[in-house]
Amino acid sequence: MGYFSKENVNTGRQLEIDMLRAFCIVCMIFDHVYEELAEELVGAYVFFDFASTFIGAAAFMICMGIGMRYSKHKEPGDLVKRGLELLTIGQLLNIVRSSLPSLIAYWITGKDYFLSNSMLVIQADILSFAGLAFIFLALLKRLRIPDTAILALGFAMNILTYILYLNVSSPDSFLVSQLLGYFVVTDAESFFTLGSYFIFVAVGYYIGGLYPRIKDKDGLANKVLLVCVPVCAVYYAVRMTVDISFLPEFNENEQYVLNPATDAIATCMVSFILLALFHKLTPFLSEKLKNVVKHLSVHINEYYCISYMFTILAMMAALVLFGTRISGWIIHFAYGIVIIVCCYFIIEYNDNHFRFHIVTLQGKSRIIVYTAIWLTTSIIVTYVYPRITEYATFWNDYLLP
């Protein structure tokens, strides 16, 4: 183990991790724009679609696991607090991104698929997953579960979730199915479940225990590239061309939401490859570019939330005004660039003038805002659920035209 020292030598921000986070959020923004707005998924979408398959949210979660080890606030109580914050931020996003625009569109047009989409006020999205992952890891730390056992548990949860999906039917009640969908894959909006995706947090958390002690990053990066590149090349060549009966079809919804066993390992290896490549690129980055990367990484949740607002509102406007999504692909690419630029200025303006962040609220203000978010959620569910018989999920393309 000549690549590691006994003491911590890599403290502070790690630029290659920031680069991976920045790369992922940019790809994700473009991917969302194409998926939500494009009538035909062609052109540049193909790149972003495969980027989400090979890397996707898994890389975020690996980086999140590593970041838990670098954070100054890593005690169980700190992790629970962060988990509750992420759950609440995710819930606010569900309200303003999915539910309220859908309700307004329903009241304007009377089209039932908008009402069904407003039920997405509860869904297993990436922020809800992140919140649950922080809380679950806090429990494991409180129980003093060793890192290797957490890693093994992540793999076991992933495999068990896949077995349950194949052999156990979802509950008849959609509401129950949706609530279970936060933990296992059901027929509801269970895109990022704790069972399927905790494996990536566990891998990141395990790697994060080693990362501060890497004394030879260049040598380790070379080793990672030497091992992981050919393994991934062979694996994906087989995966993309051979029908493997015990695995979901490649690049389909089932594969992305389940990421079973070997797919999860391959996805982790792709993230390791990118970390190694980004480390190799760090000497060539200018200070200005490093600052851009850091900005994207530090504000990754804001970029995710704000960009999704721009995307969903544009989609809703197109459906209300024209009854269909927008054809072509160049306009979507241009819109993705506009979104990223707008996000940057909104974030900077807020930081320089308002300095408003939900997570920094304290005392009564925090209690009032958090209570209002969850109370609003309950009101929307109470209003919408009895009025719908079809439920919008990724399994049915949200019932949208």
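Given the structure is predicted, the values throughout are model-derived calculations rather than measurements.

A.B. asks: Talk me through the packing of helix 1 (residues 15–37) against helix 3 (residues 56–70); I want residue IDs and the actual numbers.
C.D. replies: Running from N to C, helix 1 and helix 3 point in directions that differ by 150°, and their axes come no closer than 10 Å. When the axis of helix 1 is compared with that of helix 3, the two are roughly antiparallel. As for how helix 1 packs across helix 3, the hand of that crossing is left-handed. Taken together, the residues of helix 3 that come into contact with helix 1 (itself represented by Ile17, Leu20, Arg21, Cys24, Ile25 and Met28) are Gly56, Ala57, Ala59, Phe60, Cys63 and Ile66. The residue inventory of the contact of helix 1 with helix 3, partitioned by class, reads ten nonpolar, one polar and one charged.

A.B. asks: Go over the packing of aromatic side chains with me, naming the residues and quoting the values.
C.D. replies: Under the counting rule described, the total for this entry stands at 24 aromatic pairs. An angle of 5° between the planes, with centres 4.1 Å apart, marks the rings of Phe174 and Tyr391 as stacked. Taken together, the residues span a long stretch of sequence, with Phe174 in helix 8 (residues 174–180) and Tyr391 in the segment after helix 16 (363–384) at a distance of 217 residues. Relative accessible area serves as the criterion here: at 10%, Phe174 is assigned to the buried category.

A.B. asks: So, the packing of helix 10 (residues 217–241) against helix 12 (residues 262–281): which residues are in play, and what are the values?
C.D. replies: The geometry of helix 10 relative to helix 12 is characterised by a closest axis approach of 8 Å and an angle of 140° between their N-to-C directions. Between helix 10 and helix 12, the angle falls in the class oblique. Two packed elements cross with a definite hand, and for helix 10 against helix 12 that hand is left-handed. Residue composition of the contact of helix 10 with helix 12, by class: 16 nonpolar, four polar and five charged.

A.B. asks: Please set out helix 6 (residues 126–142) residue by residue, giving values where relevant.
C.D. replies: Taking 1.5 Å as the rise per residue, helix 6 with 17 residues should run 24 Å; its terminal C-alpha atoms sit 24 Å apart, in good agreement. Burial analysis of helix 6 places 13 of its 17 residues in the buried class, the great majority of the element. Positioned one or two residues after helix 6, Arg144 has a phi angle of 60°, which is positive.

About the criteria used
Residues numbered from 1 in each chain as written. Predicted model: local features only at pLDDT ≥ 70, side-chain atom pairs only at ≥ 80, totals over all residues. Heavy atoms only, no water. Axes fitted to C-alpha atoms, helices over the stretch in contact; angles between N-to-C directions. Helix = DSSP H or I, 4+ residues; strand = E, 2+ residues; numbered from the N terminus. Parallel < 35°, antiparallel > 145°, perpendicular 65-115°, else oblique. Left-handed = near helix turned anticlockwise from the far one by under 90°. Contact = heavy atoms within 4.5 Å. Nonpolar A, V, L, I, M, F, W, Y, C, P; charged D, E, K, R; others polar. Phe/Tyr/Trp six-rings, centres within 6.5 Å; stacked < 30°, edge-to-face > 60°. Buried < 20%, exposed > 50% of the residue type's maximum accessible area, 1.4 Å probe, protein only. Expected span 1.5 Å × (residues − 1).

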